[in-house]
Structures are given as structure tokens and as C-alpha cells.
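Spelled out from the first residue to the last, the chains are:
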Amino acid sequence: MYLPFIAFVTLALLTGCTAIPYDKPQDQLSIQRDLSVKPEEIVTITQVDWCSYAYGELTPCHPQEALAIQTRTKLILASYDKPHYKKILGMQTREVTCAHLQTPIDTAPNLFLFTQAYAVQIWPVDPSFKPDIAKKKLIVDTMVQSGKRTLVGTENDYVRDSGQVRSGMAIIPNTAIPYSTRTPILHLINPCSP
């Protein structure tokens, strides 16, 4: 039911990226300095597109580009404003209640990380802006520890129909003919909760 939405968003994400530098030695030093990260703590670094969601009524995703720095204990999402990196979001491994993948880890381009307060959807990409499955796997393996689960399945695991609808009006394209619309109101929930 919701899969076309995810496919559309994924396509849109992977077509409008700009490169954030991170692989040269001077980039690494700037990342470590600007984000207060020690080199021995870093598990992986990759460019990502991401969205953050509050629980409750599901709102459209407006993806942002960022650099993901995965350390042993946290995931840092950072913006880049030449020549500096600035932290946008820091998520501790202990905050993550579970992860969710649409399909097995070796095939899905995205992942969800759920905390008690919010959820984050992440699409790791390689330097040519193709899905980076290997780095996605590193992020999931590092963030989901200590007996926490990685769920695999459909959006039905974390999106629920509220039973309510939103009514509106629209115009048939290239005409002046109005028609009424009824859109279901969907809620995002934490699938890790008992």
C-alpha cells in the first residue's frame, strides 16, 4: 500500500545529490576537529540523504543531504559549509530501540532507526550516488546492539491507518473541472514498542 511512496521518495533522493568531501586526509582532519571525533572511534563515514519523523500523524519527508559519521557509540549527521562540518543530529546507540529494513539488509537502499522520541530514515550513498549497501550494513550493525532487533518487512510495521480521512478539492489537470478528494490520515508508530 505504501511501497510506491517509498520508491518515489528513493528515486527523488538519488537524483539530486551534491558531493560532500570526506575521503581526503584534510577532509578527515576537518571532520575530526569540527565534530570532536577521535579517529580511532570512527567506524565508517558516508554521504546520506535522511529524514527525521515525529511519532503521530505522518508528514511528507523532505530529505536533506548530510555526512554520516558512524562511531562506536553514536551516529552523527553533519552538514558541510565549506570548509566546516556542523553537527545536525547526534544519535547514541543506547537511544536506538530497533532498526527497520524494507527488505533484507543486502538489498534495501534505506534503513530506519527508531528511538523512544523519533525515527530517522537514512539512505547511504557512495561517491557516485548509488546506494551504499556495505556502509548501510555497518550503520545498522553498530547502532543496533545489545539484543535489540532489526525488523525486516513492509511499512505496515510502523505506519498505521488512523481510520480518519482528510477531505479536499482538486482540479483535473488541464481542465477547470473540480473533484473532491479523501486522503487517509496515516500515523507513524514505533514498531519496537511491546
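Above this note sits the structure.
Now for a quick tour of the structure. (Residues numbered from 1 in each chain as written. Predicted model: local features only at pLDDT ≥ 70, side-chain atom pairs only at ≥ 80, totals over all residues. Heavy atoms only, no water.)

1. Considering the sheet that holds strand β10 (residues 159-171)
Thinking step 1. Strand order in the open sheet made by the three strands is β2-β11-β10, with antiparallel pairing throughout. Two strands close off the open sheet at either side, each with one partner strand: β2 (56-57) and β10.
Thinking step 2. As paired strands, β10 and strand β11 (residues 178-188) are joined by 10 bridges and run antiparallel to one another. Within β11, the residue paired with Gly168 across the bridge is Thr181. (Pairing = 2+ DSSP bridges. Helix = DSSP H or I, 4+ residues; strand = E, 2+ residues; numbered from the N terminus.)

2. Concerning the sheet that holds strand β8 (residues 118-125)
Thinking step 1. Reading across the sheet, the eight strands line up as β5-β4-β3-β1-β8-β7-β6-β9 and stay open at both edges, with mixed pairing between neighbours. What marks the edges here is a single partner per strand, and that holds for β5 (84-92) and β9 (149-152). Averaged over all adjacent pairs, the angle separating strand axes in this sheet is 35 degrees, with direction ignored.
Thinking step 2. As defined by bridge partners, strand β1 (residues 42-54) adjoins β8 across eight bridges and the pair is classed as antiparallel. Looking at β8, one finds that Asp49 is bridged to Trp123.
Thinking step 3. Lying on the sheet, helix α3 (residues 133-143) is in contact with β1, β3 (64-71), β4 (74-81), β5, β6 (96-101), β7 (111-115), β8 and β9; it crosses β1 at an angle near 80 degrees. (Axes fitted to C-alpha atoms, helices over the stretch in contact; angles between N-to-C directions. Contact = heavy atoms within 4.5 Å.)

3. A closer look at the packing of aromatic side chains
Thinking step 1. Scanning all chains against the criterion turns up five aromatic pairs.
Thinking step 2. An angle of 15 degrees between the planes, with centres 5.7 Å apart, marks the rings of Phe112 and Phe114 as stacked.
Thinking step 3. A residue is classified by how much of its surface remains accessible, and Phe112, at 3% relative accessible area, is buried.
Thinking step 4. The exposure class assigned to Phe114 is buried, which follows from its relative accessible area of 0%.
Thinking step 5. Ring centres of Phe112 and Tyr158 lie 4.6 Å apart, and the angle between their planes is 45 degrees; this geometry places the pair in the tilted category. Placement of Phe112 in strand β7 and of Tyr158 in the loop between β9 and β10 is noted, with a sequence separation of 46 residues between them.
Thinking step 6. Of the residues examined, Tyr158 reaches a relative accessible area of 2% and is grouped as buried. (Phe/Tyr/Trp six-rings, centres within 6.5 Å; stacked < 30°, edge-to-face > 60°. Buried < 20%, exposed > 50% of the residue type's maximum accessible area, 1.4 Å probe, protein only.)

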